[in-house]
Amino acid sequence: MSKKKSRPRPEPASLGLPCAGVESHAHLDMGEYDEEGVGAVLDRAAAAGVARVGNVFLGPGAYLAHRALFADRPEVFFLLGVHPCDAAKASPGDVAAMADAFAADARLRAVGEIGLDYYWDATTAAAQQRLLREQLVLARERGVPAVIHSRDAAADTLAVLDDMGFRDRPLVWHCFGGGADLAAAIFSRGWMLSIPGPVTYAKNTDLAAAVAAMDLSRVLLETDSPYLAPEPWRGKRNEPAFLAFTCQRVAELMDRDPAAVWRATGDNARRVFGL
């Protein structure tokens, strides 16, 4: 009996989106792309219409070690923050080192991703909250956006942000996966949120319903590469070019033209990150 042939997956460039999109959150320096090099990954993103890419460095050590990867790629801007899952092992000097980096490098556009993650280790909640507060102070002092990671910790995340006076300050809720109530809580505080690839998964009905009702002027797109590849590339290593498929699904849910969503979310990212 012959094996059933799998259908070829469509290439993101086949969607024909204009060169106006912004990948707001990717981790291209984590070693997943070393074999072919980040240049090839960025070239595919450009071919798919991605004009700018935000690379997220998880801590000052990663930033210092890997920023040279993007020395000849001016389309890449930087985010820098200590992830909540690293709170227990964070150095007391990390935030000071981040401050020095922001003072010296204009490509650093946001403090992030920072926040709370109780999914992996809720026992470090107090340490995570202390670290979050320290990094929020840095974002406020530098006048740059905070990019928030929150997993199984939405109530505490909102409480810390409210206590720190971040209502109506520039802030992006990264990798949004919640429903309409959480989206409303974020928008009511004047913030933006970023939609990742799982919006394309059939079982994410609450997320789909929330996205369908969103104000497009408050929405960004991201891949969180190398994680969370969208359909039709689910299960494979993610990359910024695949942002096009997330855009296609968001446009479908909002009943809008994909090119219009692409441009609008790109403009939103350019505005919040000062690109």
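None of these values were measured; they are calculated from a predicted model. (Residues numbered from 1 in each chain as written. Predicted model: local features only at pLDDT ≥ 70, side-chain atom pairs only at ≥ 80, totals over all residues. Heavy atoms only, no water.)

Comments concerning the side chain of Asp 224
So, step 1. For Asp 224, the location among the structural elements is in the loop between strand S8 (219–221) and helix H9 (243–254).
So, step 2. Look at Asp 224: it is buried, it has no salt bridge, and the nearest opposite charge is Arg 151 at 8.6 Å.
So, step 3. Other than its neighbours up to four places away in sequence, Asp 224 contacts His 25, His 27, Glu 113, His 174 and Cys 175. (Helix = DSSP H or I, 4+ residues; strand = E, 2+ residues; numbered from the N terminus. Buried < 20%, exposed > 50% of the residue type's maximum accessible area, 1.4 Å probe, protein only. Lys, Arg positive; Asp, Glu negative; His and termini not counted. Salt bridge = Lys/Arg side-chain N within 4 Å of Asp/Glu carboxyl O. Contact = heavy atoms within 4.5 Å.)

A word on the pattern of salt bridges
So, step 1. With the rule as written, the count across this model stands at twelve salt bridges.
So, step 2. The shortest N-O distance in the salt bridge between Glu 231 and Arg 234 comes to 3.9 Å.
So, step 3. Assessed through its relative accessible area of 34%, Glu 231 is described here as partly exposed.
So, step 4. On the basis of relative accessible area, Arg 234 is assigned to the partly exposed category, the value being 43%.
So, step 5. The salt bridge partner of Asp 267 is Arg 270, with a shortest N-O separation of 2.9 Å. Of this pair, Asp 267 and Arg 270 are both found in helix H10 (residues 258–273), three residues apart, which corresponds to roughly one turn of the helix.

Concerning a nonpolar patch on the surface
So, step 1. Side chains of Met 30, Tyr 227 and Leu 228 sit close together on the surface and give an oily, nonpolar patch of about 250 Å² of accessible area.
So, step 2. The partly exposed category is assigned to Tyr 227, whose relative accessible area is 40%. (Patch = residues over 30% accessible without salt bridge, like charges linked within 9 Å, V, L, I, M, F, W, Y side chains within 5 Å. Areas by Shrake-Rupley, 256 points an atom, 1.4 Å probe, with all protein chains shown as cover.)

Quick notes on the packing of aromatic side chains
So, step 1. Evaluated as defined, the whole model comprises nine aromatic pairs.
So, step 2. An angle of 75 degrees between the planes, with centres 6.2 Å apart, marks the rings of Phe 57 and Phe 70 as edge-to-face. Taken together, the residues Phe 57 in strand S2 (residues 50–58) and Phe 70 in the loop between helix H2 (60–66) and strand S3 (76–81) connect sequence positions 13 residues apart. Comparing Phe 57 with Phe 70 shows no difference in burial state: the two are buried.
So, step 3. Here a set of aromatic residues connected by ring pairs shows up, and it is made of Phe 57, Tyr 63, Phe 70 and Phe 78.
So, step 4. A cation over an aromatic ring shows up here: Arg 9 above the ring of Trp 233, its NZ or CZ 5.5 Å from the ring centre.
So, step 5. Sitting above the plane of the Phe 166 ring, Arg 169 keeps its charged end 5.7 Å from the centroid. (Phe/Tyr/Trp six-rings, centres within 6.5 Å; stacked < 30°, edge-to-face > 60°. Lys NZ or Arg CZ within 6 Å of the ring centre and 35° of its normal.)

Considering helix H8 (residues 205–212)
So, step 1. Of the residues making up H8, those classed as buried are Leu 207, Ala 208, Ala 210 and Val 211. The arc that holds every buried residue of H8, seen down its axis, measures 165 degrees, which confines them to one face. Of the residues in H8, the exposed ones pointing more than 90 degrees away from the buried face are Thr 205, Asp 206 and Ala 209.
So, step 2. In the core, the buried residues of H8 are packed alongside helix H7 (180–188), strand S7 (192–195) and H9. (Arc of directions from axis to C-beta.)

Some words on the pairing of S7
So, step 1. Taking every second residue as pointing to the same face, both faces of S7 are buried, with Met 192 and Ser 194 on one and Leu 193 and Ile 195 on the other.
So, step 2. Here strand S6 (residues 171–173) pairs with S7 via two bridges, running parallel. Looking at S7, one finds that Trp 173 is bridged to Leu 193.
So, step 3. Viewed along the sheet, the connection from S6 through H7 into S7 turns out right-handed.
So, step 4. With three bridges joining them, S7 and S8 adopt parallel strand pairing. When the sheet's bridge partners are listed, Ser 194 is paired in S8 with Leu 220.
So, step 5. Handedness of the crossover joining S7 and S8 through H8: right-handed. (Pairing = 2+ DSSP bridges. Right-handed = clockwise from strand over helix to strand, strands pointing away.)

A few points about the nonpolar core
So, step 1. Formed by 72 residues in total, the largest nonpolar core has its most connected members in Leu 136, Trp 173, Leu 193 and Met 214.
So, step 2. Sort the elements by how many residues they give to this core and H9 lands first, with seven residues.
So, step 3. Discounting chain neighbours no more than four positions away, the residues touching Met 214 are Phe 176, Ala 183, Phe 187, Leu 193, Ile 195, Val 219 and Met 254. (Core = buried A, V, L, I, M, F, W, Y, C linked by side-chain atoms within 4.5 Å.)

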